[in-house]
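Chain residues, written in single-letter form:
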Amino acid sequence: VQLVESGGGLVQPGGSLGLSCAASGFTFSSYAMSWHRQAPGKERELVATITSAGTFRNYADSVKGRFTISRDNTKNTVYLQMNSLKAEDTAVYYCRLRRGSADYWGQGTQVTVSL
């Protein structure tokens, strides 16, 4: 299993950023995927999840209405579109696969929201 995040960077408050997570080594279309983030000094938290076919999505209350998770099963990629970014969204963002009792994580991509 390999998960590779990309798309992070520096953005001003109120701005937008799109993250991608390219997956390989498993049957991507068979599994739900999720995005998580970890800010300095804080625990890793769940941001959004999407079911295997993309039918159902769930979001943390802190990002509802601002972030959108999506996936393209033809490209084995899951996305996170982030709008109206706030300073408190600053974190390293990770995508995750849970397969059975095992968790697989990407290396993470840094998102910094600052003037």
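Before reading further, recall that the structure is shown in the block above.
Per chain, residues are indexed from 1 in the order of the written sequence. Under the rules for a predicted model, residues below a pLDDT of 70 receive no local features and side-chain atom pairs below 80 are neither given nor counted, while totals for whole chains, interfaces and linings still include all residues. Remark: hydrogens and water are excluded; side-chain values derive from all non-hydrogen atoms of the structure.

Draft legend 1. Examining the overall build of the protein more closely. Under the DSSP-based scheme used, a helix requires at least four consecutive residues in state H or I and a strand at least two consecutive residues in state E, with every element numbered from the N terminus. Looking only at helices and strands, one finds 0 helices and 11 strands in the protein. Each helix and strand of the protein, ordered N terminal to C terminal, gives the series β-β-β-β-β-β-β-β-β-β-β. Computation of the radius of gyration draws on C-alpha atoms alone. For the globule rule, the value is 2.2 Å times the number of residues to the power 0.38. Taken over the C-alpha trace, the protein has a radius of gyration of 13 Å; the compact-globule value for 115 residues is 13 Å, and the two agree within 12%. Along the first, second and third principal axes, the C-alpha atoms of the protein reach 40 × 25 × 25 Å. All accessible areas in this document rest on Shrake-Rupley with a 1.4 Å probe, and a residue is counted as covered only by the protein chains that are shown. Accessible surface for the protein amounts to roughly 6000 Å². Of this, 47% is attributable to carbon and sulfur atoms. Here the protein contributes 12 positively and 8 negatively charged side chains, and the mean placements of these two sets differ by 4 Å. Only four residue types enter the charge count, namely Lys and Arg as positive and Asp and Glu as negative; His and the chain termini do not. Here the site of a charge means NZ on Lys, CZ on Arg, CG on Asp, or CD on Glu.

Draft legend 2. The arrangement of the pairing of strand 4 (residues 33–38) in detail. Counting buried positions along strand 4 yields 5 of 6 residues, so the element is predominantly enclosed. Bridge analysis of strand 4 against strand 5 (residues 45–50) gives 5 bridges, and the strand direction is antiparallel. In the sheet register, Ser34 faces strand 5, and the bridge partner there is Thr49. Counting the residues in the hairpin turn of strand 4 and strand 5 gives 6 residues, including Gly41, whose phi is positive at 75°. A simple rule labels every residue: compare its accessible area, found with a 1.4 Å probe on the protein chains alone, to the largest value its type can have, and call it buried under 20%, exposed over 50%, or partly exposed in between. Strand pairing is assigned whenever DSSP identifies at least 2 bridges connecting the two strands.

Draft legend 3. Geometry of the nonpolar core. What is meant by a nonpolar core is a set of buried Ala, Val, Leu, Ile, Met, Phe, Trp, Tyr and Cys residues, joined one to another through side-chain atoms within 4.5 Å. Core analysis: the largest hydrophobic core is formed by 28 residues, its most contacted members being Trp35, Val78, Leu80, Met82 and Tyr93. Excluding anything up to four places from it in sequence, Tyr93 contacts Glu5, Leu19, Trp35, His36, Arg37, Val47, Phe67, Leu80, Met82, Gly108, Thr109 and Val111. Contacts are assigned to residue pairs with any non-hydrogen atoms lying within 4.5 Å of each other.

Draft legend 4. Quick peek at the packing of aromatic side chains. Only Phe, Tyr and Trp rings take part, Trp by its six-membered ring, and two of them pair if their centres are within 6.5 Å. Stacked means planes under 30 degrees apart, edge-to-face means over 60, and tilted covers everything else. The tally for this structure, following the rule as stated, stands at 3 aromatic pairs. Seen in terms of ring centroids, Phe26 and Phe28 are 6.2 Å apart; in terms of plane orientation they differ by 55°. Their pairing is tilted. Judged by its relative accessible area of 11%, Phe26 falls in the buried class. A residue is classified by how much of its surface remains accessible, and Phe28, at 1% relative accessible area, is buried. On the numbers, 5.9 Å between centres and 70° between planes, the contact of Phe26 with Tyr31 is edge-to-face. A relative accessible area of 24% means that Tyr31 is categorised as partly exposed. Among the aromatic residues, those joined into a cluster by ring pairs are Phe26, Phe28 and Tyr31. Two thresholds decide whether a charge sits over a ring: the Lys NZ or Arg CZ must be within 6 Å of the ring centre and within 35 degrees of the ring normal. The ring of Tyr94 carries the charged tip of Arg44 above its face, separated from the ring centre by 3.7 Å. Sitting over the face of the ring of Trp105, Arg44 holds its NZ or CZ atom 4.5 Å from the ring centroid.

Draft legend 5. Summary view of the pattern of salt bridges. The salt bridge definition used is simple: a Lys or Arg side-chain nitrogen within 4 Å of an Asp or Glu carboxyl oxygen. What the rule picks out here adds up to 6 salt bridges. Arg96 is the salt-bridge partner of Asp103, the closest N and O atoms lying 3.8 Å from each other. With a relative accessible area of 33%, Asp103 lands in the partly exposed category. Judged by relative accessible area, Arg96 falls into the buried class, the value being 16%. Linked by salt bridges that have partners in common, Arg37, Glu45, Arg66 and Asp89 make up one network.

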